[in-house]
Amino acid sequence: MAFDLNQCAIADMGQTILMAEFAVREVSIPPLGLAGTLRVPAKPRGVIVFAHGSGSSRLSPRNVSVAEQLAGRGFASLLFDLLTVEEEADRANVFDIALLARRLVGAVRWLRSEPSTRGLAVGLFGASTGAAAALVAAAELGPGIAALVSRGGRPDLAGDVLERVRTPSLMIVGGADERVVELNEMALARLGAEKSLVIVPGASHLFPEPGALEAVIEHASRWLEAHMLHRGTGHVQE
């Protein structure tokens, strides 16, 4: 299937600095055929797998915005539905962190065989419950994950697995999301990896405030660039 070409204006704290072109393709993640969207810039420097939160999907406008901005900085991305339509009907599956983590692991393994992303360093970006799933997946994949970012996440839901995570992990939380700030602080103390907590002043859980999501993108980009650009074997040409 051919890629569609898109352009994205890349903003640095509200100031547009460049235009970037990236290719977009709808994909199907085996073995369940989970629907996904793969964005790949011309010369990818790494690939980020997104894990959406409860009640969301690969079409999350916030995650799509982050993915498009990351494409302008050279990062490919995969946004995919963590559950099948039938599984979504059972609300318990939305909070089954082990199940969601297995789906992330499967997606990472698929990317390693996909020609456009094979050989690239892999990072994870989780929101809400997806952050816990990303941490569990990172613990399983070990050095196979170069960096992890949580946006308004619930890392506490990863439980005892936190102590086994060795992936450099950045937690970004809104300053007005007080309970989630507390949960992130407790989880951070248990993480066994390089770690950092960034609190965006005045932002609530979904970062809808002016400039809040832009701050998330900036902090996430710097973390991913710092920990991913020396990893992987680069873009593999077919």
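The sections below set out a description of the structure shown in this document. (Residues numbered from 1 in each chain as written. Predicted model: local features only at pLDDT ≥ 70, side-chain atom pairs only at ≥ 80, totals over all residues. Heavy atoms only, no water.)

The element strand β8 (residues 169-174) is extensively covered by neighbouring structure, given that six of its six residues are classed as buried. By the alternation rule, side chains of β8 split into S169, M171 and V173 and L170, I172 and G174, which are all buried. In terms of strand pairing, strand β7 (residues 147-151) meets β8 through four bridges, oriented parallel. Counterpart to L148 in the pairing with β8 is S169. Read from β8 through helix α6 (residues 178-190) to strand β9 (residues 195-200), the crossover connection turns out right-handed. (Buried < 20%, exposed > 50% of the residue type's maximum accessible area, 1.4 Å probe, protein only. Helix = DSSP H or I, 4+ residues; strand = E, 2+ residues; numbered from the N terminus. Pairing = 2+ DSSP bridges. Right-handed = clockwise from strand over helix to strand, strands pointing away.)

Attention now goes to empty space enclosed by the protein. In this structure the tally under the stated criterion is one cavity of 30 Å³ or more. In this structure, the largest cavity occupies an estimated 40 Å³ of space. Around the largest cavity, the lining residues are F50, A51, H52, S57, R58, N63, L79 and F80. Elements represented by at least two residues in the lining of the largest cavity include exactly β4 (46-51) and β5 (75-80). (1 Å grid on protein atoms, 1.4 Å probe; cavity = no way out; pocket = protein on both sides within 12 Å on 5 of 7 lines; lining within 4 Å. Points joined across faces, edges and corners; volume = space filled by probe spheres on them.)

Most of the time, phi is negative for any residue but glycine, and the peptide bond is trans. Residue P31 is bonded to the preceding P30 through a cis peptide linkage, with omega at 0°. Unlike most non-glycine residues, F207 shows phi in positive territory, near 55°. Mapped onto the elements, F207 comes out in the loop between β9 and α7 (212-228).

Another point: the nonpolar core. Of all hydrophobic cores here, the largest spans 47 residues; its most connected members are I29, V49, L78, F80, L104, L124 and L135. Elements represented by at least two residues in this core include exactly β2 (15-29), β3 (34-41), β4, β5, α4 (97-113), β6 (122-127), α5 (129-141) and α6. For this core, the leading source of residues is α4, giving ten residues. Ignoring anything within four residues of it in the chain, the contact list for L104 reads V49, F50, A51, F80, L82, A133, A134 and A137. Among the nonpolar cores identified, the runner-up in size contains 28 residues, and V64, L79, A121 and A146 belong to it. (Core = buried A, V, L, I, M, F, W, Y, C linked by side-chain atoms within 4.5 Å. Contact = heavy atoms within 4.5 Å.)

Moving on, we get to the pattern of salt bridges. Evaluation of the coordinates by the stated rule reveals twelve salt bridges. Here E225 and R45 are joined by a salt bridge, their closest N and O atoms 3.4 Å apart. You can see E225 sitting in helix α7 and its partner R45 sitting in the loop between β3 and β4, a full 180 residues away along the chain. Note on E225: relative accessible area 23%, which makes it partly exposed. Between R179 and E182 there is a salt bridge, with its nearest N and O atoms 3.0 Å apart. In this pair, R179 and E182 are both assigned in helix α6, three residues apart and thus about one turn of the helix distant. Several salt bridges share partner residues, and in doing so they unite R45, R73, E218, R222 and E225 into one network. (Salt bridge = Lys/Arg side-chain N within 4 Å of Asp/Glu carboxyl O.)

Between its first and last C-alpha, α5 extends 19 Å over 13 residues, near the 18 Å set by a 1.5 Å rise per residue. Buried residues dominate α5, accounting for twelve of its 13 residues. Inspection of α5 places T129, G130, A131, A132, A133, A134, L135, V136, A137, A138, A139 and L141 among the buried residues, and these make up the whole buried set. On its buried face, α5 is in contact with β4, α3 (91-94), α4, β6, β7 and β8. (Expected span 1.5 Å × (residues − 1).)

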